[in-house]
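Okay, here's what each chain looks like letter by letter:
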Amino acid sequence: MLLNVSPNGRIIACLLINLLSSICIVFINKWIYMHYGFPNMTLTLIHFVVTWLGLYICQKMDIFSPKRLPIRKIVLLALSFCGFVAFTNLSLQNNSIGTYQLAKTMTTPVIIIIQTTYYKKTFSTKIKLTLVPITLGVILNSYYDVRFNLLGTVFATLGVLVTSLYQVWVGAKQHELQVNSMQLLYYQAPLSSAFLLAIIPFSEPLSGDGGIFGPWSLAALATVLFSGVIAFLVNLSIYWIIGNTSPVTYNMFGHFKFCITLVGGYLLFHDPLSLNQALGILCTLAGILSYTHFKLVEPEDGKNRLAQRP
């Protein structure tokens, strides 16, 4: 893998892998929805299975050591894992890439509300004020998006809510069970796959056009499998970056990917962009940068860091 490369070389390699895979997964999933009409939950199931297989190979290569966990303690986490991936994919399927990407930024305000309300965490006034431009920018973009639709908004909203719960629960479970992200995901992925496998027959057709066992072309199946491999690379590279770089590097790199994904959506899929939408994007980006700056200069940054954006 990257074992014979210098530490700095591994960090650079992982940053590049994360950059390419994080951007690629958004575009390739959008391509699958637009050109093949592949069922959403089945695609999510394939991502889970490929991720688990990838982690299985990683633990066989001694990249991490699995830790036995009681299934009953991660059932809700596995269900929320299903929900956040499925709803964010449905948001991507029914929204423009710009609206999809901006909607994801609402995860930060929602997590702050959850942690303030249920976990009694406190945040500085500066941090709370940065949520104003983030929220305002998302509202501006959605209002002036000519492809705005109610179904896409519902899926985006559900995606934000479930993703926020998932991220809060992940932190709590890691602390409670004394495991790292890869050890937790190693048990989450197959359990989440089992839940989806039980739901899919009732939510998506099994045969015919658009069905799981429909007449898919070899190109469609190859693209879907490729998206699963990319999804695994996204997860794996995130763990490498978090473990080997500073918060500044990780957060600033996240903003870089955010901007490239937005620009790529308008260039590759010809998403329309009005002046008011552009102002909304800039407003959201200003809020995100301010949030990151204040979190990094606060002494409790390491303890209170909330959300990690892919």
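The sections below set out a description of the structure shown in this document. Note that the coordinates shown come from a computational prediction; the quantities given were computed from them, not determined experimentally. (Residues numbered from 1 in each chain as written. Predicted model: local features only at pLDDT ≥ 70, side-chain atom pairs only at ≥ 80, totals over all residues. Heavy atoms only, no water.)

**Remarks on the packing of aromatic side chains**
To keep things clear, this is the line we draw: Any two rings among Phe, Tyr and Trp, with Trp reduced to its six-membered ring, count as a pair given centres within 6.5 Å; such a pair is stacked if its planes are under 30 degrees apart, edge-to-face if over 60, and tilted if neither. What counts as a helix is a DSSP run of H or I of at least four residues, what counts as a strand is a run of E of at least two, and both are numbered from the N terminus. Think of it in three bands: with a 1.4 Å probe and only protein chains considered, a residue is buried below 20% of the maximum accessible area for its type, exposed above 50%, and partly exposed in between.
According to the stated counting rule, one finds ten aromatic pairs in the structure shown. Centroid distance Phe38 to Trp216: 4.9 Å. Interplanar angle 45°. Geometry classified as tilted. Note that Phe38 is positioned in the loop between α1 (7-35) and α2 (40-60) and Trp216 in the loop between α8 (181-203) and α9 (218-244), a separation of 178 residues in sequence. Using a relative accessible area of 4% as the deciding quantity, one classes Phe38 as buried. Grouped by ring-pair contacts, the aromatic residues Trp52, Tyr56, Phe64, Tyr186 and Tyr187 constitute a single cluster.

**Observations concerning the side chain of Ser193**
Keep this limit in mind: Any two residues having at least one pair of non-hydrogen atoms within 4.5 Å are treated as being in contact.
Its location among the elements puts Ser193 in helix α8. We classify Ser193 as buried; its relative accessible area is 9%. If near-sequence neighbours (up to four positions away) are discounted, Ser193 is found in contact with Leu45, Phe48 and Val49.

**Focus on the pattern of salt bridges**
Just so we agree on the cut-off: Salt bridge criterion: a side-chain nitrogen from Lys or Arg within 4 Å of a carboxyl oxygen from Asp or Glu.
One pass over the structure, following the stated rule, counts two salt bridges. Linking Lys73 and Glu176 is a salt bridge whose minimum nitrogen-to-oxygen distance equals 3.5 Å. Within this pair, whereas Lys73 is found in the loop between α2 and α3 (75-94), its partner Glu176 is found in helix α7 (residues 150-177), the two being separated by 103 residues in sequence. Looking at Lys73, the relative accessible area reads 28%, which means it is partly exposed. On the accessibility criterion, Glu176 (41% relative accessible area) is partly exposed. Put simply, Glu176 and Lys173 hold a salt bridge, and the shortest N to O gap is 3.3 Å. Taken together, the positions of Glu176 and Lys173, both in helix α7 and three residues apart, correspond to about one turn of that helix.

**Re the nonpolar core**
Here is the rule: By nonpolar core we mean a set of buried residues, namely Ala, Val, Leu, Ile, Met, Phe, Trp, Tyr and Cys, connected to one another through side-chain atoms within 4.5 Å.
Residues Leu55, Phe81 and Leu184 are the most contacted members of the largest nonpolar core, which totals 28 residues. Residue assignment for this core shows that the elements contributing at least two residues are α2, α3, α7, α8 and α9. Once you skip the residues sitting within four places of it in the chain, Phe81 turns out to touch Phe48, Tyr166, Leu185, Gln188, Ala189 and Ser192.

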